[in-house]
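Residues per chain are reported as follows:
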Amino acid sequence: MPALPDHYATLGVDEDASAKEIKKAYRRLAQEYHPDRNAGDTAAEERFKEVQAAYDVVGDETKRKAYDRARRDPYGGRYEGTPFDGFGGPGEGAGRFYRAPDGTYVRVDATGAGPGVNDDAFTFGGGGGLGDIFDQFFGGASRPGGAADTAYRGGRDVDATVRLTFEEALEGGRQEIRTSGGEAVRITIPKGVRDGFKIKLAGRGDPAPGGRGAPGDLYITFRVTPDARFSREGDDLVMTETVSAVEAMLGTTREVRTATGKTVRLRIKPGTQPGTRLRVRGQGVETASGQGDLYVVVEVSVPMLSDEAASGLRAWADAEGLA
(Lines give C-alpha, C1' and ligand atoms only; values in the text may rest on other atoms or scores of the structure.)
Protein backbone atom coordinates (compact mmCIF):
# COMPACT_ATOMS: atom_id res chain seq x y z
CA MET A 1 0.00 0.00 0.00
CA PRO A 2 1.32 3.50 -0.78
CA ALA A 3 2.49 5.60 2.14
CA LEU A 4 0.33 8.45 3.34
CA PRO A 5 1.32 11.84 1.86
CA ASP A 6 2.98 14.25 4.30
CA HIS A 7 0.45 17.09 4.24
CA TYR A 8 2.35 19.02 6.90
CA ALA A 9 5.50 19.03 4.77
CA THR A 10 3.46 20.09 1.74
CA LEU A 11 2.24 23.15 3.64
CA GLY A 12 5.63 23.74 5.28
CA VAL A 13 4.32 23.58 8.87
CA ASP A 14 5.08 21.47 11.93
CA GLU A 15 2.80 18.61 12.92
CA ASP A 16 1.74 20.51 16.04
CA ALA A 17 0.99 23.71 14.11
CA SER A 18 -2.15 25.56 15.13
CA ALA A 19 -5.16 25.87 12.84
CA LYS A 20 -4.29 29.55 12.37
CA GLU A 21 -0.71 28.72 11.30
CA ILE A 22 -1.95 26.08 8.87
CA LYS A 23 -4.46 28.47 7.31
CA LYS A 24 -1.81 31.19 6.97
CA ALA A 25 0.60 28.79 5.25
CA TYR A 26 -2.14 27.57 2.92
CA ARG A 27 -3.12 31.08 1.84
CA ARG A 28 0.48 32.04 1.13
CA LEU A 29 1.14 28.94 -0.97
CA ALA A 30 -2.23 29.10 -2.75
CA GLN A 31 -1.50 32.65 -3.87
CA GLU A 32 2.04 31.75 -4.92
CA TYR A 33 1.05 28.75 -7.04
CA HIS A 34 -2.42 29.84 -8.18
CA PRO A 35 -2.87 28.92 -11.87
CA ASP A 36 -4.07 32.43 -12.69
CA ARG A 37 -0.65 33.72 -11.63
CA ASN A 38 1.27 30.94 -13.37
CA ALA A 39 -0.41 30.60 -16.73
CA GLY A 40 0.92 27.62 -18.66
CA ASP A 41 3.12 26.42 -15.78
CA THR A 42 2.06 22.79 -15.26
CA ALA A 43 4.47 22.33 -12.34
CA ALA A 44 2.89 25.25 -10.49
CA GLU A 45 -0.58 23.88 -11.22
CA GLU A 46 0.35 20.47 -9.78
CA ARG A 47 1.88 22.15 -6.71
CA PHE A 48 -1.35 24.15 -6.29
CA LYS A 49 -3.36 20.92 -6.36
CA GLU A 50 -1.07 19.36 -3.73
CA VAL A 51 -1.50 22.39 -1.47
CA GLN A 52 -5.28 22.27 -1.90
CA ALA A 53 -5.38 18.55 -1.12
CA ALA A 54 -3.19 18.99 1.97
CA TYR A 55 -5.30 21.82 3.36
CA ASP A 56 -8.51 19.90 2.67
CA VAL A 57 -7.27 17.34 5.20
CA VAL A 58 -5.28 19.16 7.89
CA GLY A 59 -7.36 22.32 7.60
CA ASP A 60 -10.41 20.38 8.79
CA GLU A 61 -10.35 19.45 12.49
CA THR A 62 -12.11 16.11 12.09
CA LYS A 63 -10.12 15.03 9.03
CA ARG A 64 -6.88 16.14 10.68
CA LYS A 65 -7.49 13.95 13.73
CA ALA A 66 -8.19 10.93 11.53
CA TYR A 67 -5.12 11.71 9.42
CA ASP A 68 -2.90 11.99 12.51
CA ARG A 69 -4.20 8.66 13.81
CA ALA A 70 -3.45 7.04 10.46
CA ARG A 71 0.11 8.45 10.50
CA ARG A 72 0.70 6.91 13.94
CA ASP A 73 -0.68 3.54 12.78
CA PRO A 74 2.21 1.36 11.53
CA TYR A 75 -0.15 0.16 8.82
CA GLY A 76 -0.63 3.75 7.62
CA GLY A 77 -4.41 3.55 7.89
CA ARG A 78 -4.53 1.06 5.03
CA TYR A 79 -7.43 -0.89 6.55
CA GLU A 80 -9.73 2.12 6.71
CA GLY A 81 -12.76 1.66 4.49
CA THR A 82 -12.10 -2.07 3.93
CA PRO A 83 -13.53 -5.18 5.62
CA PHE A 84 -10.56 -4.92 8.04
CA ASP A 85 -11.65 -1.45 9.22
CA GLY A 86 -11.89 -1.68 13.02
CA PHE A 87 -9.34 -4.46 13.49
CA GLY A 88 -6.58 -1.97 14.33
CA GLY A 89 -2.83 -2.54 14.19
CA PRO A 90 -0.69 -4.78 16.37
CA GLY A 91 -0.84 -4.15 20.10
CA GLU A 92 -4.20 -2.38 20.03
CA GLY A 93 -5.98 -4.97 22.16
CA ALA A 94 -7.34 -8.43 21.65
CA GLY A 95 -10.99 -7.71 20.92
CA ARG A 96 -12.10 -5.10 18.36
CA PHE A 97 -15.60 -4.33 17.14
CA TYR A 98 -16.39 -4.43 13.45
CA ARG A 99 -19.50 -3.24 11.66
CA ALA A 100 -20.72 -5.91 9.27
CA PRO A 101 -22.38 -5.04 5.93
CA ASP A 102 -25.85 -5.67 7.37
CA GLY A 103 -25.27 -2.93 9.97
CA THR A 104 -24.77 -5.23 12.98
CA TYR A 105 -21.62 -5.22 15.09
CA VAL A 106 -19.43 -8.23 15.82
CA ARG A 107 -16.23 -8.58 17.83
CA VAL A 108 -13.14 -10.17 16.35
CA ASP A 109 -10.92 -11.83 18.95
CA ALA A 110 -7.35 -11.77 17.63
CA THR A 111 -6.06 -13.98 20.47
CA GLY A 112 -8.12 -17.05 19.73
CA ALA A 113 -9.57 -16.89 23.23
CA GLY A 114 -13.12 -17.05 21.96
CA PRO A 115 -16.12 -14.76 22.23
CA GLY A 116 -16.75 -12.40 25.05
CA VAL A 117 -19.90 -12.24 27.09
CA ASN A 118 -22.99 -11.59 24.93
CA ASP A 119 -20.76 -11.06 21.85
CA ASP A 120 -20.74 -12.83 18.55
CA ALA A 121 -17.06 -13.44 17.82
CA PHE A 122 -14.72 -14.94 15.29
CA THR A 123 -11.24 -16.14 16.18
CA PHE A 124 -7.95 -16.19 14.30
CA GLY A 125 -6.83 -19.29 16.19
CA GLY A 126 -8.03 -22.61 14.84
CA GLY A 127 -10.53 -23.31 12.09
CA GLY A 128 -9.93 -21.92 8.61
CA GLY A 129 -8.43 -18.55 9.64
CA LEU A 130 -9.24 -15.37 7.73
CA GLY A 131 -10.93 -17.24 4.93
CA ASP A 132 -13.53 -18.58 7.33
CA ILE A 133 -14.11 -15.13 8.78
CA PHE A 134 -14.86 -13.70 5.36
CA ASP A 135 -17.01 -16.67 4.49
CA GLN A 136 -19.12 -15.95 7.56
CA PHE A 137 -19.27 -12.21 6.83
CA PHE A 138 -19.92 -12.39 3.11
CA GLY A 139 -21.17 -15.88 2.36
CA GLY A 140 -17.96 -17.14 0.77
CA ALA A 141 -17.18 -14.00 -1.27
CA SER A 142 -13.72 -13.48 0.20
CA ARG A 143 -11.60 -14.10 -2.90
CA PRO A 144 -10.14 -11.10 -4.76
CA GLY A 145 -12.62 -9.89 -7.32
CA GLY A 146 -15.55 -11.41 -5.46
CA ALA A 147 -18.62 -9.62 -4.17
CA ALA A 148 -16.91 -8.35 -1.02
CA ASP A 149 -13.96 -6.96 -2.96
CA THR A 150 -16.26 -5.15 -5.39
CA ALA A 151 -18.55 -3.77 -2.71
CA TYR A 152 -15.75 -1.85 -1.02
CA ARG A 153 -13.99 -0.61 -4.10
CA GLY A 154 -15.76 2.77 -4.16
CA GLY A 155 -17.42 4.67 -6.98
CA ARG A 156 -15.79 5.82 -10.21
CA ASP A 157 -14.56 9.39 -10.62
CA VAL A 158 -16.33 11.38 -13.33
CA ASP A 159 -14.95 14.11 -15.60
CA ALA A 160 -17.12 16.92 -16.95
CA THR A 161 -16.49 20.02 -19.06
CA VAL A 162 -18.20 23.39 -18.61
CA ARG A 163 -17.90 25.80 -21.52
CA LEU A 164 -18.01 29.53 -20.77
CA THR A 165 -17.99 32.70 -22.78
CA PHE A 166 -15.21 35.17 -22.04
CA GLU A 167 -17.68 37.39 -20.16
CA GLU A 168 -19.04 34.49 -18.08
CA ALA A 169 -15.51 33.55 -17.04
CA LEU A 170 -14.80 37.12 -15.94
CA GLU A 171 -17.98 37.38 -13.88
CA GLY A 172 -18.10 33.90 -12.32
CA GLY A 173 -21.19 32.96 -10.33
CA ARG A 174 -23.57 30.06 -9.88
CA GLN A 175 -24.49 27.66 -12.65
CA GLU A 176 -26.31 24.35 -12.90
CA ILE A 177 -24.80 21.48 -14.87
CA ARG A 178 -25.86 17.91 -15.49
CA THR A 179 -23.61 14.91 -15.00
CA SER A 180 -23.35 12.02 -17.44
CA GLY A 181 -25.93 10.25 -15.28
CA GLY A 182 -28.40 13.12 -15.67
CA GLU A 183 -28.02 14.49 -12.13
CA ALA A 184 -28.36 18.28 -11.78
CA VAL A 185 -25.45 19.81 -9.87
CA ARG A 186 -25.15 23.44 -8.77
CA ILE A 187 -21.60 24.73 -8.97
CA THR A 188 -19.86 28.01 -8.21
CA ILE A 189 -17.71 29.30 -11.06
CA PRO A 190 -14.66 31.08 -9.62
CA LYS A 191 -14.57 34.73 -10.64
CA GLY A 192 -11.99 35.24 -13.36
CA VAL A 193 -11.58 31.50 -14.01
CA ARG A 194 -9.10 30.74 -16.77
CA ASP A 195 -9.32 28.21 -19.58
CA GLY A 196 -8.36 24.70 -18.46
CA PHE A 197 -8.87 25.30 -14.73
CA LYS A 198 -10.24 22.25 -12.91
CA ILE A 199 -12.23 21.90 -9.69
CA LYS A 200 -13.21 18.82 -7.69
CA LEU A 201 -16.60 18.08 -6.14
CA ALA A 202 -16.04 15.31 -3.63
CA GLY A 203 -18.62 12.53 -3.60
CA ARG A 204 -20.49 13.71 -6.71
CA GLY A 205 -19.15 11.01 -9.04
CA ASP A 206 -20.62 7.57 -9.69
CA PRO A 207 -21.98 5.62 -6.71
CA ALA A 208 -20.09 2.61 -5.43
CA PRO A 209 -21.11 -0.86 -6.66
CA GLY A 210 -23.65 -2.25 -4.26
CA GLY A 211 -23.99 1.13 -2.53
CA ARG A 212 -21.63 0.21 0.33
CA GLY A 213 -18.47 2.13 -0.57
CA ALA A 214 -17.94 5.86 -0.97
CA PRO A 215 -19.05 7.45 -4.24
CA GLY A 216 -16.44 8.78 -6.66
CA ASP A 217 -15.60 12.44 -7.20
CA LEU A 218 -16.65 14.82 -9.94
CA TYR A 219 -13.88 16.73 -11.71
CA ILE A 220 -15.00 19.78 -13.71
CA THR A 221 -12.76 21.44 -16.31
CA PHE A 222 -13.64 24.94 -17.50
CA ARG A 223 -13.18 25.83 -21.15
CA VAL A 224 -13.34 29.53 -21.99
CA THR A 225 -14.13 30.80 -25.49
CA PRO A 226 -11.43 33.25 -26.69
CA ASP A 227 -12.48 36.90 -27.05
CA ALA A 228 -12.05 38.86 -30.28
CA ARG A 229 -10.74 42.00 -28.53
CA PHE A 230 -8.88 40.79 -25.47
CA SER A 231 -6.19 38.19 -24.87
CA ARG A 232 -5.16 37.07 -21.41
CA GLU A 233 -1.71 36.99 -19.82
CA GLY A 234 -2.14 35.68 -16.29
CA ASP A 235 -4.55 38.17 -14.70
CA ASP A 236 -3.66 40.90 -17.20
CA LEU A 237 -5.64 41.63 -20.36
CA VAL A 238 -4.14 42.82 -23.63
CA MET A 239 -5.91 44.67 -26.44
CA THR A 240 -4.83 46.58 -29.57
CA GLU A 241 -5.60 50.19 -30.51
CA THR A 242 -4.75 51.45 -33.99
CA VAL A 243 -3.75 55.08 -34.72
CA SER A 244 -2.58 56.77 -37.88
CA ALA A 245 1.06 57.60 -38.51
CA VAL A 246 0.28 61.31 -38.06
CA GLU A 247 -1.44 60.65 -34.73
CA ALA A 248 1.53 58.59 -33.59
CA MET A 249 3.89 61.42 -34.51
CA LEU A 250 1.83 64.30 -33.11
CA GLY A 251 0.11 62.50 -30.26
CA THR A 252 -3.59 62.01 -29.69
CA THR A 253 -6.17 60.62 -27.25
CA ARG A 254 -8.40 57.59 -27.48
CA GLU A 255 -11.38 56.35 -25.52
CA VAL A 256 -11.16 52.59 -25.07
CA ARG A 257 -13.70 50.25 -23.58
CA THR A 258 -12.50 47.75 -20.98
CA ALA A 259 -13.64 44.12 -20.65
CA THR A 260 -16.16 45.15 -17.98
CA GLY A 261 -17.68 47.84 -20.21
CA LYS A 262 -16.00 50.81 -18.55
CA THR A 263 -14.74 53.60 -20.83
CA VAL A 264 -11.28 54.99 -20.08
CA ARG A 265 -9.47 57.88 -21.76
CA LEU A 266 -6.04 56.97 -23.10
CA ARG A 267 -3.33 59.52 -23.92
CA ILE A 268 -0.97 58.60 -26.74
CA LYS A 269 2.13 60.76 -26.50
CA PRO A 270 3.82 62.38 -29.53
CA GLY A 271 6.36 60.07 -31.11
CA THR A 272 4.73 56.88 -29.86
CA GLN A 273 6.29 53.89 -31.60
CA PRO A 274 4.44 50.90 -33.05
CA GLY A 275 4.10 48.11 -30.48
CA THR A 276 4.19 50.45 -27.46
CA ARG A 277 2.22 48.99 -24.54
CA LEU A 278 0.21 51.47 -22.48
CA ARG A 279 -0.85 50.31 -19.02
CA VAL A 280 -4.28 50.93 -17.48
CA ARG A 281 -4.10 49.84 -13.85
CA GLY A 282 -6.79 47.69 -12.27
CA GLN A 283 -8.72 46.96 -15.46
CA GLY A 284 -7.61 43.38 -15.95
CA VAL A 285 -9.10 40.11 -14.67
CA GLU A 286 -10.46 40.15 -11.13
CA THR A 287 -9.97 36.96 -9.10
CA ALA A 288 -10.09 36.02 -5.43
CA SER A 289 -6.39 36.88 -5.14
CA GLY A 290 -6.54 40.35 -6.74
CA GLN A 291 -6.97 42.13 -10.06
CA GLY A 292 -4.67 42.49 -13.04
CA ASP A 293 -4.11 45.40 -15.40
CA LEU A 294 -5.13 46.22 -18.97
CA TYR A 295 -2.38 46.73 -21.55
CA VAL A 296 -3.18 48.59 -24.76
CA VAL A 297 -0.78 47.84 -27.61
CA VAL A 298 -0.49 50.71 -30.08
CA GLU A 299 -0.49 49.79 -33.74
CA VAL A 300 0.30 52.41 -36.38
CA SER A 301 -1.57 52.51 -39.66
CA VAL A 302 0.43 53.94 -42.57
CA PRO A 303 -1.82 55.66 -45.15
CA MET A 304 -1.42 55.63 -48.92
CA LEU A 305 -0.41 59.15 -50.07
CA SER A 306 -1.25 61.00 -53.24
CA ASP A 307 1.67 62.15 -55.39
CA GLU A 308 1.26 65.71 -54.16
CA ALA A 309 1.16 64.66 -50.48
CA ALA A 310 4.13 62.36 -50.95
CA SER A 311 6.15 65.17 -52.57
CA GLY A 312 5.37 67.52 -49.68
CA LEU A 313 6.25 64.89 -47.09
CA ARG A 314 9.53 64.13 -48.85
CA ALA A 315 10.47 67.81 -48.87
CA TRP A 316 9.74 68.02 -45.13
CA ALA A 317 11.78 64.87 -44.45
CA ASP A 318 14.72 66.26 -46.43
CA ALA A 319 14.60 69.50 -44.49
CA GLU A 320 14.60 67.61 -41.20
CA GLY A 321 17.32 65.22 -42.30
CA LEU A 322 14.99 62.22 -42.06
CA ALA A 323 15.07 61.08 -45.67
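Residues numbered from 1 in each chain as written. Predicted model: local features only at pLDDT ≥ 70, side-chain atom pairs only at ≥ 80, totals over all residues. Heavy atoms only, no water.

**Observations concerning the sheet that holds strand E9 (residues 231-233)**
- Strand order in the open sheet formed by four strands is E9-E10-E16-E13, with mixed pairing between adjacent strands. Either end of the sheet is taken by a strand with one partner, and the two such strands are E9 and strand E13 (277-280). The mean inter-strand angle of the sheet, taken between neighbouring strand axes irrespective of direction, is 35°.
- The sheet contact formed by E13 and strand E16 (residues 294-301) spans four bridges and is antiparallel. (Pairing = 2+ DSSP bridges. Helix = DSSP H or I, 4+ residues; strand = E, 2+ residues; numbered from the N terminus. Axes fitted to C-alpha atoms, helices over the stretch in contact; angles between N-to-C directions.)

**A short note on the packing of helix H2 (residues 19-33) against helix H3 (residues 42-58)**
- Viewed as axis vectors pointing N to C, H2 and H3 meet at an angle of 160°, and their least axial separation amounts to 9 Å. On the basis of the axis angle, H2 is roughly antiparallel to H3. Relative to H3, H2 is oriented so that their crossing is left-handed. Listed contacts from H3 to Ile22, Lys23, Tyr26, Leu29, Ala30 and Tyr33 of H2 are Ala44, Arg47, Phe48, Val51, Gln52, Tyr55 and Val58.
- Each residue belonging to the contact of H2 with H3 can be placed in one class, and the counts come to 10 nonpolar, one polar and two charged. (Parallel < 35°, antiparallel > 145°, perpendicular 65-115°, else oblique. Left-handed = near helix turned anticlockwise from the far one by under 90°. Contact = heavy atoms within 4.5 Å. Nonpolar A, V, L, I, M, F, W, Y, C, P; charged D, E, K, R; others polar.)

**Examining the nonpolar core**
- Counting 31 residues, the largest nonpolar core has Leu11, Ile187, Ile220 and Phe222 as the members making the most contacts within it.
- Counting only elements with at least two residues in this core, the list comes to helix H1 (7-11), H2, H3, strand E4 (158-164), strand E6 (184-189) and strand E8 (218-224).
- With 17 residues, the next largest nonpolar core counts Ile268, Val280, Leu294 and Val298 among its residues. (Core = buried A, V, L, I, M, F, W, Y, C linked by side-chain atoms within 4.5 Å. Buried < 20%, exposed > 50% of the residue type's maximum accessible area, 1.4 Å probe, protein only.)

**Some remarks on the pairing of E6**
- Only one face of E6 is covered, namely the one carrying Val185, Ile187 and Ile189; the face carrying Ala184, Arg186 and Thr188 has none of its residues buried.
- Judged from the six bridges that link them, strand E5 (residues 173-178) and E6 form a sheet pairing that is antiparallel. Paired with Ile177 across the two strands is Val185, which belongs to E6.

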